[in-house]
Structures are given as C-alpha cells and as structure tokens.
Amino acid sequence: MRCRSLLRLTARSLAIFAAGLPLVVPAAGHQNKPAGPAVAITLPQREGSLKFAVIGDSGTGGRQQYEVAKRMAEAYALFPFELVLMLGDNLYGSERPQDYEQKFARPYKPLLDAGVKFYASLGNHDDREQRLYKLFNMGGDLYYSFKAPKQDVRFFALDSTYPDRRQIEWVERELKGAGEDWKIAFFHHPLYSSGGRHGPSEDLRKVLEPLFLKYNVSAVFAGHEHFYERIVPQKGILYMTSGGAAKLREGNIRPNSPITAKGFDDDNHFVVMEIDGDEMFFQAISRRGETVDSGSFRRRQSDTTSGGPASR
Amino acid sequence: MTVLGVLLGVSMLAGAAGRAPQTPSPAQPQTQKPPVNPDAKAIADFNERVKKYLELHNTIEASLPSVPDRTDPKRINDYQAGFAKQMTAARASARPGDIFTPPVRKIFRRVIRHALRGTSGRELRAEIIDEYTRPVPLRVNGSYPSDIPLSSVPPRILEALPRLPEEIEYRFVDRQLILFDNHAQIIVDYMTNALP
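(A) Structural view of the overall build of chain B. A count of helices and strands for chain B gives 6 helices and 3 strands. Starting at the N terminus and walking to the C terminus, you meet the elements of chain B as α-α-α-α-α-α-β-β-β. In chain B, buried positions account for 45% of the 196 residues. Within chain B, contacts between residues separated by at least 24 positions form 66% of all contacts whose residues are at least 6 apart in sequence.

(B) Structural view of the side chain of R128(A). By secondary structure assignment, the location of R128(A) is in the loop between strand 3 (117-120) and strand 4 (144-147). Within polar-contact distance, the side chain of R128(A) engages the side chain of D159(A) at 2.7 Å.

(C) Summary view of the packing of aromatic side chains. Residue and element names in this part refer to chain A. Applying the stated rule across the entire model yields 24 aromatic pairs over all chains. Here the aromatic rings of Y76 and F81 are separated by 5.3 Å at their centres, their planes lie at 80 degrees, and the arrangement is edge-to-face. Overall, the relative accessible area of 2% leaves F81 in the buried class. Chaining the aromatic ring pairs together yields one cluster made of F52, Y119, Y144, F146, F155, F186 and F221. Its guanidinium or amino end placed over the ring of Y92, K247 lies 4.7 Å from that ring's centre, counting from NZ or CZ.

(D) Representation of the confidence of the model for chain B in the model. Residues and elements named next belong to chain B. In the predicted model, chain B carries a mean pLDDT of 85, and 84% of its residues have values of at least 70. Note that pLDDT drops below 50 for residues 10-27; the model gives that stretch 4 contacts with residues more than four away or on any other chain. Of the two predicted TM-score estimates for the complex, the pTM is 0.86 and the ipTM is 0.84.

(E) Region of the structure containing the sheet that holds strand 5 (residues 153-157) of chain A. All names here are of chain A. An order of 4-5-6-7-9-8-10 is seen for the 7 strands of this open sheet, with the pairing classed as mixed. The open sheet is flanked by strand 4 and strand 10 (260-264), the only strands paired with a single partner. Here the strands of the sheet are splayed against their neighbours by 15 degrees on average, with no regard to which way each runs. When strand 4 meets strand 5, the two strands line up antiparallel, connected through 4 bridges. Considered in strand 5, the bridge of Y144 is made with A157. On the sheet, helix 5 (residues 165-177) packs against strand 4, strand 5 and strand 6 (182-187) and is oriented at approximately 15 degrees with respect to strand 4.

(F) The arrangement of helix 2 (residues 38-63) of chain B in detail. All names here are of chain B. In this model helix 2 runs 38 Å from its N-terminal to its C-terminal C-alpha over 26 residues, within 8% of the 38 Å that 1.5 Å per residue would give. The complete set of buried residues in helix 2 reads D39, A42, I43, F46, V50, Y53, L54, H57 and I60. Of the residues flanking the start of helix 2, the one acting as N-cap is N37, its side-chain oxygen 2.7 Å from the backbone nitrogen of D39.

(G) Up close: the nonpolar core. Core analysis: the biggest nonpolar cluster contains 127 residues, and F155(A), F212(A) and F221(A) have the highest contact counts within it. The contacts of F212(A), once residues within four sequence positions are left out, are L158(A), L175(A), A185(A), F187(A), L191(A), V217(A), V220(A), I237(A), Y239(A) and R300(A). Counting residues in hydrophobic clusters, the runner-up holds 11 residues, among them A94(B), I148(B), I187(B) and Y190(B).

(H) Quick look at the interface of chain A and chain B. Each partner contributes residues to the interface: chain A has 39 residues there, and chain B has 43 residues. Between the two partners, chain A and chain B, sit 5 salt bridges. A salt bridge links D203(A) to R156(B), with the nearest nitrogen and oxygen atoms 3.2 Å apart. Seen at the junction of chain A and chain B, the total is 21 residue pairs in polar contact (both at pLDDT 80 or more). At the level of secondary structure, the elements contributing two or more residues to the side of chain A that touches chain B comprise helix 3 (97-105), helix 5 and helix 6 (202-214) of chain A. Among the elements that line the side of chain A that touches chain B, the one with the most residues is helix 6 of chain A, at 5 residues. Its residues assigned to classes, the side of chain A that touches chain B comprises 10 nonpolar, 13 polar and 16 charged.

(I) Layout of the sheet that holds strand 3 of chain A. Residues and elements named next belong to chain A. As summarised here, the arrangement of the 6 strands in space is 3-2-1-11-12-13, forming an open sheet in which the pairing is mixed. The outermost strands of the open sheet, each flanked by one partner alone, are strand 3 and strand 13 (291-298). The mean angle between the axes of side-by-side strands here comes to 20 degrees, regardless of whether they run parallel or antiparallel. With 8 bridges connecting them, strand 11 (residues 269-276) and strand 12 (residues 279-286) associate as antiparallel partners. Within the sheet, the bridge partner assigned to E274 lies in strand 12 and is F281. Packed onto the sheet, helix 2 (residues 63-78) meets strand 1 (50-55), strand 2 (83-86), strand 11 and strand 12 and runs at close to 30 degrees relative to strand 11.

Criteria and cut-off values
Residues numbered from 1 in each chain as written. Chains lettered and ligands numbered in written order. Predicted model: local features only at pLDDT ≥ 70, side-chain atom pairs only at ≥ 80, totals over all residues. Heavy atoms only, no water. Helix = DSSP H or I, 4+ residues; strand = E, 2+ residues; numbered from the N terminus. Buried < 20%, exposed > 50% of the residue type's maximum accessible area, 1.4 Å probe, protein only. Contact = heavy atoms within 4.5 Å. Polar contact = N/O pair within 3.5 Å; in protein donor to acceptor, adjacent residues only side chain to side chain. Phe/Tyr/Trp six-rings, centres within 6.5 Å; stacked < 30°, edge-to-face > 60°. Lys NZ or Arg CZ within 6 Å of the ring centre and 35° of its normal. pLDDT = per-residue confidence, 0-100. Pairing = 2+ DSSP bridges. Axes fitted to C-alpha atoms, helices over the stretch in contact; angles between N-to-C directions. Expected span 1.5 Å × (residues − 1). Core = buried A, V, L, I, M, F, W, Y, C linked by side-chain atoms within 4.5 Å. Salt bridge = Lys/Arg side-chain N within 4 Å of Asp/Glu carboxyl O. Nonpolar A, V, L, I, M, F, W, Y, C, P; charged D, E, K, R; others polar.

Printed below as a string of structure tokens:
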C-alpha cells in the first residue's frame, strides 16, 4: 500500500512538473491559495438553471478544508451556485460553538456572506443536535426534503446512520408525494462504492434502492468514503460519492472496480452541478483547482427505469 | 413481519407444541388463564420501561427553555448540557439493566444473532464494528463522547428490534448495545455482548 501511494505521488508530481506548475506543498495557514491552476468551470451555465455544489466529510477545520473552501469560493465567482449539499461528517471531533465556527462558518464565510444556503445531512461523526443549527437548514429534523429554488427539483436529505422503520416510511411517503421531475437523495453512507476501507452499505441499499426505483429518483449523492467516485449508473440512477472535502484516503479506490466510472483519490475535492430541464451537468474539482471529472446525465423518466448514461 | 416477530411467533408455536400432549381434561375449570409467551412478556416490559423513560424525558424537556429549530451553536450546547444534567439528576439511581433487563438481554442477543447469520450477516457485523475507533466508557447517564463516531445501525437490525420513540436510538459500541437519548446525548442503558 505504501509503495502504491509513493508511486501515485510520484506520478502526480511528475504530471504537475510536466505541466510547468510549482511543485509546492502549501504551508498550513500561510497560503492564500493552494498551488495549482485557477478554477475553470466547464459547465454550460445556462440561464435559469439550478446551480449547486456538493461537499462531503468536510468538517475537520484543517488546512485541506480551508483550501477546498477557497476553491469553492473561486468557483462561485465564476459559477454562482445557489446552494451546497453536505453529505455528512460536517463537524469532526468536538462540537463547541468555536468548532462550528472553525469547522464550518469560517471556511465557508465567503459563500455564506454571498447568500449561499447549505443543506446538511448527518454522518456518523455528527452530533444529532446539528439538526438545530440554523446554517445547516435542517429545520430541526434528522431527515427532510426541500424544493430547489429553480428548476423542477426536490432534494431528500436522509440519515443513513439510523435508517429505522419510521424514516423508511417517511422516505416512501415523501417520494410518493413529490411531483418534481428531478428527485435527488443525499446522505452519508454510499450504496455503491469501490472503497477499500468501507465499501458499500448493502443492507441500506436493499431498503432504499427499491424505493428510489419505484418513485423515480434520478441521482444519489453520498460521502463517508474520503475520495470521489462516480459509479457506472445502476438501474438508471446516477450514484456519486464525494467524501473528500477535507479528509482524504489516498489510493483507496479499488483498482479495476467494474462499477467505477471515474474515481479520484489523489487529493481533496468538491463537486459543482447544474440542472437544466432533463439534464444534469457535473464537474468535480480538486483542491489544486484541476477538473478531475465532468459530464452530463439525463434524469430518469417516470415510465422507465433507465436514465441516460453519464458521459464525459 | 420483523425478525423479532418471527422469533416470538416461533417461540409461541414451540410453546403451543410443547403443550399439545397435555390436552386439558373436560374436568378442568374454564377460567384458566391463557398461557403467556415469556418473550412477549419481556418485550412488553421493555416497551413499558422505555415509555416511562420517555415520559421523564418529555417532562424535563418541557421544563427547559425551548430551542428554535434554527439556532446558534451556543444555544444548542447550552440546551444539550442542561438537558443532560437534569436527566442525570432525575435518574441518579438508574443502574445498568434497568431497561435492558436480563430476559430482554437474552432475547436481544438471540434476535441480533439471527439477523446477522450467514455471509451477509458477517459482513454487516464487520460494517458495524468498522466505526468503532476507541473504547467508549459505558456508564448509565454518561455522555457519549463527541469525538467518537456513532455506529451506523443497519436496517436489518433496526427492523429486528422493538421500535423505539424517535428520541431514543439503538447504537453499538464495539459489541455492546446502548440505548442513546439523542436529545440529551446520554447513555440511557447498555448491554454487553450484544453482537455475536
């Protein structure tokens, strides 16, 4: 494993060197901007589209979180997204008022000041009472849904650490009652994953996936795994794991996994997305500002289980 | 039907089968009480104890200054600390096993073992243990340390165990099962060797 990591590091270093970029590891707290190119947005940026970002496993309060947050602010300047979905592990460790500040409010201050709304789901590291935190917009609930401010989209934030019968019944009720074209679920534990450390939550998948299929969920975002992975669409659903907004488990994606459409476990990242009509566009951006994945996806239609393929 | 339901059903059937040869004689009085399934009785008792805990929880929560659904971290911390303090004071005499009584512990171990049978069960068990990072001191009324992740509880286990009110959750700490008050953030009760 160590050899593999070294090889990866070497390959990356060479790539950076070849690109003529400074091979500098930023010192903690002394860099205004992590080394690397400026963020470039490849999304179409259509008028009237819903623009949002996705982060997972973000709440360390460490250098990587701040650097990713700066990249997000750069991206926002080019691509003013309305909201951010948080995929859990929003605050690692202690959760005193100063921790909320250091691990959330301060790194994302430029976005919060610009009026970007964050919507949190809870991970296994999160205190349950985060549900009351005003800037997480959970409305006091461990799981909730909300309609996006633009386009015909509804998001469903689930609590994957405790999927009891009450919640599953709620999920079914909410999905059934939702008339939006786009239904997007987000929560902490991935139903599909090529992670060597955790892997998929198969028991959870057995309960949730039939509901997602029955009620036409098009996309599912999860964290927990400290890397980026876009899964080959499963039964027409786009599954994406984004758990590297601060934490990183380098080299953890199992090589040659048949379900990986695109994986990135070399650095931290975040994802920006855009929905316009039946199309969703996505772009994953590394802490260094590089685009590590991009493509589009067509929503599932209610009369079929097949969504359009994700493509680059 | 839940795993617990299945097991209780099997237990009832087994009880009935065991009594089959003892056909009551016509001379027996008709006022004989119907047989009580000991598992069902223990679970009913468990539910009753949880209900009593919840009544106390609700009474104390109602006495606290209300917290809005959207508030700041200081109010969240104050509310939580105040809640835990009052619950702990009100339950000063609480002991391990007050809710997880010996018969309940026995049933829960059997039910969880049943839910985790087979290859997928072994994988699930590993998934639960996976999030256990360091020992958590288990103490009734003790707080759950915020630097330790909460175990995720798979649907299969939650489906198998008696349903709890939303203020209380089952969580695993290594092989131990705790009842966790998710508002006061305290350990209500715990049982050892819950996972096989």
